[in-house]
Amino acid sequence: MTKPLPQNKLLEGIFKPWSAESTINDLIVIGEIPRELNGTFFRNGPNPQYVFSDKYHFFGGDGMIHALNFKDGQVSYKNRWVRTNKFNLEREARRSLFAGFREFGKSDPSVQNMRAETANTNIINHGGKLLALQEASLPYEINIDTLETIGVTSYFEALRNSMTAHPKIDPVTGELISYSYINPIETEYIYYYVADKNRNITKCERINIPYLSLLHDFAITKDYVIFPLFPLVMSYQRMFNGEDLYKWEPERGSYFGIIPRNGNNNDVIWIHVPEANCLSIHTVAAYQEGDLIILDTMLADNIPAGANGFTADADSFPNYLTRWIFDLKSQSLLSKTVLDDMAGEFPRIDDRFMGIKYRHVYIAATLHSDWFGYIFDAIVHYDLISNKKQVHDFGAGNMPAEPIFVPRNSTASEGDGFLLTYVYREKEDRSDLVILDALNVDHDPLAIIQIPHRVPFGFHGLWVPLNL
Ligand SMILES: [Fe+2]
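This section reports on the structure supplied with the text. (Residues numbered from 1 in each chain as written. Predicted model: local features only at pLDDT ≥ 70, side-chain atom pairs only at ≥ 80, totals over all residues.)

### Let's talk about the overall build of the chain
Here comes step 1: Regarding its fold elements, the chain presents 2 helices and 33 strands.
Here comes step 2: Here the chain has a C-alpha radius of gyration of 21 Å; the compact-globule value for 468 residues is 23 Å, and the two agree.
Here comes step 3: Dimensions of the chain, computed from the C-alpha atoms along their principal axes, are close to 55 × 55 × 45 Å.
Here comes step 4: For the chain, with 468 residues in total, the buried portion stands at 46%.
Here comes step 5: Taking the contacts inside the chain whose residues are at least 6 apart along the sequence as the reference set, 55% of them involve residues at least 24 apart. (Helix = DSSP H or I, 4+ residues; strand = E, 2+ residues; numbered from the N terminus. Rg over C-alpha atoms; globule rule 2.2 N^0.38 Å. Buried ≥ 20, exposed ≤ 12 C-beta atoms within 10 Å, placed from the backbone. Contact = placed C-beta atoms within 7 Å.)

### Here we look at the sheet that holds strand β33 (residues 461-465)
Here comes step 1: The sheet built from 5 strands is open, its strands ordered β1-β5-β4-β3-β33 with antiparallel pairing. The strands lining the two open edges of the sheet, one partner per strand, are β1 (23-24) and β33.
Here comes step 2: Note: strand β3 (residues 39-46) against strand β4 (residues 63-71), 8 bridges, orientation antiparallel. Bridge pairing in β4 links Gly39 to Phe70. (Pairing = 2+ DSSP bridges.)

### Observations regarding the sheet that holds strand β8 (residues 140-142)
Here comes step 1: One open sheet accounts for 4 strands, arranged β6-β7-β8-β9; its pairing is antiparallel. Each of the sheet's edge strands pairs with one partner strand only, and the pair in question is β6 (122-126) and β9 (149-152). Ignoring which end each strand starts from, the neighbouring axes of this sheet average 30° apart.
Here comes step 2: Bridge count for β6 against strand β7 (residues 129-133) is 5 bridges, and the pairing is antiparallel. (Axes fitted to C-alpha atoms, helices over the stretch in contact; angles between N-to-C directions.)

### Description of the environment of Tyr189
Here comes step 1: Mapping Tyr189 onto the fold places it in strand β12 (residues 189-195).
Here comes step 2: For the pair Tyr189 and Pro139, spaced 50 residues apart in sequence, the C-alpha separation works out to 20 Å.
Here comes step 3: Setting aside residues no more than four positions away along its own chain, Tyr189 makes contact with Arg206, Ile207, Asn208 and Ile209.

### Some words on unusual backbone geometry
Here comes step 1: Phi at Asp72 takes a positive value of approximately 50°, unusual for a residue other than glycine.
Here comes step 2: When you line up the elements, Asp72 lands in the loop between β4 and β5 (74-81).
Here comes step 3: On the basis of neighbour counts, which here come to 10 C-beta atoms within 10 Å, the residue Asp72 falls in the exposed class.
Here comes step 4: Here the phi dihedral of Ala119 falls at roughly 50°; this positive angle occurs in a residue that is not glycine.

### Overview of the pairing of strand β15 (residues 224-229)
The side chains of a regular strand alternate between the sheet's two faces.
Here comes step 1: Of all 6 residues in β15, 6 are buried, a share of seventy percent or more.
Here comes step 2: Burial along β15 is two-sided: the face carrying Tyr224, Ile226 and Pro228 and the face carrying Val225, Phe227 and Leu229 are both buried.
Here comes step 3: Linkage of strand β14 (residues 219-220) to β15, two consecutive antiparallel strands, is achieved through a turn of 3 residues.
Here comes step 4: Summarising the sheet, β15 and strand β18 (residues 254-260) pair through 6 bridges and their orientation is antiparallel. Within the sheet, the bridge partner assigned to Leu229 lies in β18 and is Tyr255.

### Considering the pairing of strand β26 (residues 378-383)
Here comes step 1: Where burial is concerned, most of β26 is hidden: 5 out of the 6 residues are buried.
Here comes step 2: Relative to β26, strand β25 (residues 360-365) is paired through 6 bridges, and the arrangement is antiparallel. Looking at β26, one finds that Ala365 is bridged to Ala378.
Here comes step 3: Turn length for the β26-strand β27 (residues 388-393) hairpin, with the two strands adjacent in sequence and antiparallel, is 4 residues, and the turn residue Asn387 shows positive phi of about 55°.

### Looking at the nonpolar core
Here comes step 1: The biggest cluster of nonpolar side chains holds 129 residues, and the ones touching the most others in it are Ile226 and Leu419.
Here comes step 2: Broken down by element, the residue count for this core peaks at 6 residues, all from strand β30 (residues 417-425).
Here comes step 3: With sequence-adjacent residues up to four places away left out, Leu419 is seen in contact with Tyr362, Ile379, Pro403, Ile404, Phe405, Leu436, Ala438 and Val441. (Core = buried A, V, L, I, M, F, W, Y, C linked by C-beta atoms within 7 Å.)

Written out as structure tokens, the structure is:
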């Protein structure tokens with residue numbers, strides 16, 4: 001018998017799972033959908049089919065894909081869970097079997113030695129395949145039209161146990177640049193690898209790291225890869241002993257591993273910044289200028305000593321757009337600058353500028369809440385050339401998510417296009433998809449597409465144009 005959800009803030013309101021899978025034709029639209037929008041907006045996020053206990057954390061929720069298909073001004077909706085091994089076993093058992101990372105060792109005996117795959121974090125399109133990603137396991141391939149799960153993708157079979165949820169796709173070469181860092185028996189390394197646009201692995205290098213930490217995201221430039229290590233240190237041994245997987249160890253400082261894209265472990269420049277007792281979950285992007293590497297991150301500074309990331313439900317800290325400039329010649333950090341005082345997360349750029357100099361950055365921001373990184377109420381656009389920002393304040397109780405940039409067309413200049421974001425309406429317990437003009441973010445929305453139900457808090461999304 002399925003029980004009511006346990007008491008847990010991450011299972012209430014915007015976080016409460018949605019248990020139906022449906023297809024809805026012709027949603028109600030307020031305003032007018034731009035005619036240039038022809039394609040599908042995919043969004044992934046945690047949506048537990050069953051909940052193991054009140055220790056639930058959304059890192060462990062089963063991935064559900066929400067897809068909005070736009071064609072000639074009409075829009076339809078579809079949502080499906082990713083059929084991971086965990087999902088299938090629990091559906092068969094009709095109950096939760098896998099304990100989360102906050103209660104290691106408590107899983108049902110039938111799955112004690114199995115990995116709790118969720119595929120809940122990101123969704124990418126590479127080499128003609130749609131992949132649902134979560135950093136602790138391999139990608140799951142999804143049918144781009146039906147959202148049915150095809151299975152663990154075989155083209156990564158040569159790789160290790162896991163793949164980051166934040167690989168980068170070089171917009172010029174079509175290469176996928178990626179890494180693997182979760183492997184409990186090899187904690188002194190990460191694997192850096194590259195697949196060409198046809199999905200053939202062209203590079204796989206083992207890289208020694210100063211310490212293992214939450215390496216959720218990284219960055220690329222035209223010629224380099226940057227691995228930022230912040231001192232939210234991971235220890236499987238600690239977890240096996242029944243303690244926290246993550247521990248905040250600020251005395252270690254931060255490291256930035258800069259590797260030529262065609263390099264290997266011998267070529268890594270590790271820049272140690274002992275005073276950088278800070279944490280970035282998401283990079284914005286990076287680029288080169290001469291001998292300089294410019295890296296933008298969303299960064300939480302001033303994390304209190306003793307904070308243990310993710311062990312408490314509301315363990316969240318404000319993140320600010322922060323720029324790091326490294327000099328490759330002197331192999332040092334030249335500057336670290338907080339660019340704005342508005343707290344936000346889920347940064348995105350125009351993906352056609354990934355790895356090269358970009359001008360426009362978009363984030364989801366928190367103006368009215370004190371639950372940073374979890375509850376957003378605004379979308380912010382930064383123009384890094386004119387140093388102007390625009391804010392779309394949705395108001396308390398209206399909660400946008402990651403803003404996805406869609407260019408007006410394939411030849412549009414950077415920033416000329418639209419921002420797509422789900423907005424949860426707390427009062428109605430329902431969501432809208434809101435379309436903003438990306439160059440006039442503070443204007444009224446161009447269109448609001450009404451979803452008749454809640455689209456729960458999610459992580460990352462993707463726009464796939466129709467002609468791909
Ligand atoms: Fe992420």
